[in-house]
Amino acid sequence: MGEVIVVTSGKGGVGKTTTSASLACGFARRGKKIAVVDFDIGLRNLDLIMGCERRVVYDFVNVINGDCSLKQALIKDKRFDNLSVLAASQTKDKDALTQDGVAKVIDELKSEFDIVLCDSPAGIERGAFFAMYFADRAVVVVNPEVSSVRDSDRVLGIMSSKSRRAEQGQTAVKEHLLLTRYSPERVERGDMMSIGDVEEILGVKVIGVIPESPEVLSASNSGVPVILDENSDAGQAYTDAVARLLGDTVPMRFLDAKKKGFFQRLFGS
């Protein structure tokens, strides 16, 4: 049976779907057979970032309602034969998801894929709850600023007490933090929380640090997950995070502020 990994956050706009797309491609590149599922019913974006929006015929809700089979709804990625996408519905609301319906889809995916990656909506509403409920592991995406960290603490509390694993008395959901939009220069100035601050507050270890990078937006707009841009710092950082999630020991990078050259120090630019 495959493993279910949820990518979640307490606050919106922290880079969760960007992270889901990059992790999915990273796992596929490492040879894992993976399905990535968009739980953001009514506001789907995963298909855009994955570059398959024009190929969506059936969606997650169609499968739950029995309008099509899971096989019909899964979209095979053009870059990786071992990666498939299950899009969210744009026309339904969150109430279209039922626990029994989601359980049936997740269990069928687990029987066919090594990893089922759930791209959760932000917060604690219905879609987010179901994305977290079935997880074996969680990647909590956090910006190193107070409101994001506080909201993530709430999400961690829900997973520890209300997941299927918790209800069945199994070992707890294994939790990881992924820091996005990290700027060592701002940390040095005291404008941003440090990695140690975030880990201490949330009590969870950081699995990856994604530096602030203009390549992230460019990649998203072109439908190419940033992990595939191997020349960008963000792409390399996501590659490192995937390696750590697979059990590799990889040193953290992009944590130190870049040293200014002589003329930058002289002229302040």
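For the structure itself, consult the block above.
Computed from a prediction, not measured in an experiment: that's the story for all the values here.

Procedures and definitions
Residues numbered from 1 in each chain as written. Predicted model: local features only at pLDDT ≥ 70, side-chain atom pairs only at ≥ 80, totals over all residues. Heavy atoms only, no water. Helix = DSSP H or I, 4+ residues; strand = E, 2+ residues; numbered from the N terminus. Buried < 20%, exposed > 50% of the residue type's maximum accessible area, 1.4 Å probe, protein only. Arc of directions from axis to C-beta. Axes fitted to C-alpha atoms, helices over the stretch in contact; angles between N-to-C directions. Left-handed = near helix turned anticlockwise from the far one by under 90°. Contact = heavy atoms within 4.5 Å. Nonpolar A, V, L, I, M, F, W, Y, C, P; charged D, E, K, R; others polar.

Q: Please explain the environment of Lys71 as it appears in this structure.
A: As for its position among the elements, Lys71 is in helix α4 (residues 70-73). Since its relative accessible area comes to 75%, Lys71 is described here as exposed. For the pair Lys71 and Thr18, spaced 53 residues apart in the sequence, the C-alpha separation amounts to 25 Å.

Q: Even after reading the chapter, I still don't get helix α10 (residues 195-202), so can you show me in this structure?
A: Along an α-helix, residues three or four positions apart point the same way, because every turn accommodates 3.6 residues. Those residues of α10 that fall on the buried side of the exposure criterion are Ile195, Val198, Glu199 and Leu202. Down the axis of α10, the sector holding all buried residues measures 95°, keeping them to one side.

Q: Got a minute to help me understand the packing of helix α7 (residues 146-162) against α10 in this structure?
A: Across the interface, α7 lies against α10 with an axial gap of 10 Å and an inter-helix angle of 35°. Crossing hand, α7 versus α10: right-handed. Here Val149, Ser152, Asp153 and Leu156 of α7 lie close against α10, whose contacting residues are Val198, Ile201 and Leu202. When grouped by side-chain class, the residues that make up the contact of α7 with α10 number 5 nonpolar, 1 polar and 1 charged.

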